[in-house]
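Next come the chains, spelled out residue by residue.
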Amino acid sequence: MQAKRILLRCLLCAALAASLAAQDVHRDFTVEEGEREAAPRFHAKSLDGAQFTNESTKGKVVLLQFWTTWCPYCKSEETLVNNLTTEFADKGLLVLAVDVAESKKVVQQYLKDHPRKCHIVMTGDTNLAAMYAATRYPIYVLVDRDGKIVDTKHGAVGDRSMRRLLARAGLESKDSE
């Protein structure tokens with residue numbers, strides 16, 4: 001009985017530590033517009049066959065979301081990302097959701113039950129996951145219309161924070177204040 005209690009406490013502590021580590025995520029730093037670094041050169045091919053590079057995305061605001069099917073924070077923000085994809089599509093937002101290190105079969109099966117409105121990219125079809133050292137999820141990287149990194153966020157960010165982030169790249173909505 002005592003051993004079960006100790007094991008249960010260890011499991012609870014591990015779950016709490018994992019939860020806090022995933023939320024430790026908000027690496028908030030402000031990069032002034034003149035100090036922004038150029039995004040690394042990339043290539044990506046989505047599941048629907050669309051090709052993307054730095055050159056092809058110039059003039060668009062690009063939101064990269066690094067995610068996995070098993071990540072609870074990624075799942076909790078799917079609706080947010082879908083809504084933003086739809087809301088800002090005509091304003092120049094391009095969302096590339098890069099699934100990290102899962103098989104195409106697993107992702108396609110997942111998408112049957114959890115359809116996404118953004119472009120889905122597999123790790124094997126891009127060099128993005130390696131460039132941004134995607135090891136905890138979700139990770140968001142926002143690139144402005146000039147191809148410069150606006151910010152990087154680790155973990156679930158929520159609607160208000162995401163809208164503020166998009167506003168920094170010039171995509172304003174009534175909810176971003």
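The shown structure was predicted, so the numbers you read here are calculated from the model rather than taken from an experiment.

Enquirer: Can you help me understand the sheet that holds strand 5 (residues 119-126) in this one?
Expert: One key point about sheets: their strands pair by backbone hydrogen bonds, in either a parallel or an antiparallel sense. Sheet architecture is open: 7 strands sit in the order 2-1-5-4-3-6-7, paired in mixed fashion. One side of each edge strand has no neighbouring strand; the edge strands of this open sheet are strand 2 (51-53) and strand 7 (149-154). Taking the axes of each pair of neighbouring strands and ignoring which way they run, one obtains an average angle of 30° across the sheet. For strand 3 (residues 61-67) and strand 6 (residues 139-143), the ladder comprises 5 bridges, and the chain directions are antiparallel. Counted as the bridge partner of F66 is I139 from strand 6. Across the sheet, helix 4 (residues 78-88) lies against strand 3, strand 4 (93-99) and strand 6, angled at about 150° from strand 4, the strand it touches most. Sheet contacts for helix 5 (residues 104-113): strand 3, strand 4 and strand 5; angle to strand 5, the most-contacted strand, approximately 170°.

Enquirer: I'm lost on the nonpolar core in this one. Help?
Expert: As a rule of thumb, nonpolar side chains are buried together in soluble globular proteins. Ranked by internal contacts, the top residues of the largest apolar core, which has 49 residues, are F66 and M162. In contact with M162, not counting residues within four places along its chain, are L63, L80, L84, Y140 and V157.

Enquirer: Looking at this structure, how should I read the pattern of salt bridges?
Expert: Between side chains of opposite charge, a pair can form when the charged atoms approach closely. On inspection of all chains with the given rule, the structure shows 6 salt bridges. With its nearest N and O atoms 3.6 Å apart, the salt bridge here joins D151 to K153. Here D151 and K153 have matching classes, each one buried. Ionic contacts of the salt-bridge type, sharing partners, join the residues E87, D159 and R163 into one network.

Definitions and limits used
Residues numbered from 1 in each chain as written. Predicted model: local features only at pLDDT ≥ 70, side-chain atom pairs only at ≥ 80, totals over all residues. Heavy atoms only, no water. Pairing = 2+ DSSP bridges. Helix = DSSP H or I, 4+ residues; strand = E, 2+ residues; numbered from the N terminus. Axes fitted to C-alpha atoms, helices over the stretch in contact; angles between N-to-C directions. Contact = heavy atoms within 4.5 Å. Core = buried A, V, L, I, M, F, W, Y, C linked by side-chain atoms within 4.5 Å. Buried < 20%, exposed > 50% of the residue type's maximum accessible area, 1.4 Å probe, protein only. Salt bridge = Lys/Arg side-chain N within 4 Å of Asp/Glu carboxyl O.

Remember that the coordinates give geometry; whether it matters functionally is a separate question.
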